[in-house]
Amino acid sequence: MGGAWSQKATGEALGQGLYDPLVSYDSIRRRVVLLGRPAMMDSTASMSTWELDTSGPTWYARPPAGEPVDSPYAAMAFDNQRGVVVLFGGMPWGIATDETWSTA
């Protein structure tokens, strides 16, 4: 891997982008998973999940299905044993939480 960046055309857009997105790489499906709040929405906007198919590369919006609330300072990682993305912690509304979420 070299040190130079190059822009890739992905075919789909993330709208106005995501505010403070969390990112993880699903090594089984070879997809980058993003979870964040739409950047141009108000503070009550729902989180949205996007996946980048790295073989495309193409972005796909995942339909909302009980996504967690906006959670600054959370951490997200891929659990290779179970084949799921796991989200832990954060500070929604400025209060630390120990909630754990995973993809289905």
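Next up on the list: the nonpolar core. Among the nonpolar cores identified, the biggest contains nine residues, and these are Leu22, Val33, Leu35, Met47, Ala74, Met76, Phe78, Val85 and Leu87. Contributions of two or more residues to this core are made by strand 2 (31-38), strand 5 (75-79) and strand 6 (84-88). Not counting chain neighbours up to four residues away, the residues in contact with Ala74 comprise Leu22, Leu87, Phe88, Gly89 and Gly90. In this structure, Leu18, Val32, Leu34 and Trp50 belong to the second largest nonpolar core, which totals six residues.

With that settled, consider the sheet that holds strand 7 (residues 100-102). Strand order in the open sheet made by the three strands is 5-6-7, with antiparallel pairing throughout. The strands lining the two open edges of the sheet, one partner per strand, are strand 5 and strand 7. The sheet shows a mean angle of 20° between the axes of neighbouring strands, taken without regard to direction. Both strand 6 and strand 7 contribute to a ladder of three bridges, which runs antiparallel. Among the inter-strand pairings, Leu87 is bridged to a residue of strand 7, identified as Trp101.

Below, the discussion takes up the sheet that holds strand 3 (residues 48-53). Across the sheet, which stays open at both edges, the four strands sit in the order 1-2-3-4 with antiparallel pairing between neighbours. Each end of this open sheet is capped by a strand with a single partner; those strands are strand 1 (18-26) and strand 4 (58-62). The average angle at which neighbouring strand axes cross in this sheet is 25°, direction not considered. In terms of strand pairing, strand 2 meets strand 3 through six bridges, oriented antiparallel. In the strand pairing of strand 3, Leu34 is matched with Trp50.

The rules we used
- Residues numbered from 1 in each chain as written.
- Predicted model: local features only at pLDDT ≥ 70, side-chain atom pairs only at ≥ 80, totals over all residues.
- Heavy atoms only, no water.
- Core = buried A, V, L, I, M, F, W, Y, C linked by side-chain atoms within 4.5 Å.
- Buried < 20%, exposed > 50% of the residue type's maximum accessible area, 1.4 Å probe, protein only.
- Helix = DSSP H or I, 4+ residues; strand = E, 2+ residues; numbered from the N terminus.
- Contact = heavy atoms within 4.5 Å.
- Pairing = 2+ DSSP bridges.
- Axes fitted to C-alpha atoms, helices over the stretch in contact; angles between N-to-C directions.

Remember, this is a structural readout, not a statement about activity or role.
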